Amino acid sequence: MKITQNTAVTLNYTMFNMDGEVIDKNHEPIVYLHGGYDNILPAVEAALEGKAAGETVMVSMAPDEAFGEFDAELLREEEIGLFPPDIEVGLMFETRDPETEETFQFRVTAIDSGRVTVDGNHPLAGMSIRFEATVLDVRAATEEEVAHGHVHGEHGHDH
């Protein structure tokens, strides 16, 4: 079976920076619903279209095709008293804009002199990357998966 709209695709991937260093790699195969559901980077999804189990793809992407450009406005420095006492570098948290109800994820990048630096950029923002993937399996998605816009676990609805 070939990868087309509304197929469940299982794959292994490795992401590299432009110096050829591995920056991310799956440890277990990932499964996503193909067809514009925003479950995988659009450039990767386009490269996978029409592929079958056993085939590989390699996609080089500029930041705007991958995880976005780095936005300095998403770097903020706040007083340490605004955070829980167990705050540490690497901690991820979510905040909500009270006016728009929009949620934002931030990562603590530094703690120094009573100040905490948080970054709302994706950790790979601003990077050009190379994405390599091997297709392990392709199957027709279930009606429920298509209706929900994502693949479910082995035993049905898994979220």
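Residues numbered from 1 in each chain as written. Predicted model: local features only at pLDDT ≥ 70, side-chain atom pairs only at ≥ 80, totals over all residues. Heavy atoms only, no water.

Considering every residue of the chain, the mean pLDDT works out to 92; 96% of them sit at 70 or more. Note that residues 155-159 has pLDDT below 50 and, in this model, eight contacts with residues that lie over four places away or in other chains. (pLDDT = per-residue confidence, 0-100. Contact = heavy atoms within 4.5 Å.)

Relative to the elements of secondary structure, Gly54 occurs in the loop between α1 (42-48) and β4 (56-61). Accessibility expressed as a relative area gives 58% for Gly54, which makes it exposed. Spatially, the C-alpha atoms of Gly54 and Glu145 are 24 Å apart, while their sequence positions differ by 91 residues. Those residues in contact with Gly54 that lie beyond four places of it in its chain are Thr134 and Val135. (Helix = DSSP H or I, 4+ residues; strand = E, 2+ residues; numbered from the N terminus. Buried < 20%, exposed > 50% of the residue type's maximum accessible area, 1.4 Å probe, protein only.)

When the charged atoms of two side chains with opposite charge come close together, those side chains can pair. Tallying each qualifying case throughout the model produces six salt bridges. For Arg107, the salt bridge identified is with Asp119, shortest N-O distance 3.5 Å. A residue pair is termed long-range when its members are at least 10 positions apart, and Arg107 in strand β7 (residues 103-112) and Asp119 in strand β8 (residues 115-119) qualify at 12 residues. Taking the relative accessible area as the measure of exposure, Asp119 reaches 6% and is therefore buried. Between Arg130 and Glu132 there is a salt bridge, with the nearest N and O atoms lying 2.7 Å from each other. With a relative accessible area of 22%, Arg130 lands in the partly exposed category. With a relative accessible area of 27%, Glu132 lands in the partly exposed category. What you see here is one network of salt bridges that share partners, running through Glu77, Glu79 and Arg115. (Salt bridge = Lys/Arg side-chain N within 4 Å of Asp/Glu carboxyl O.)

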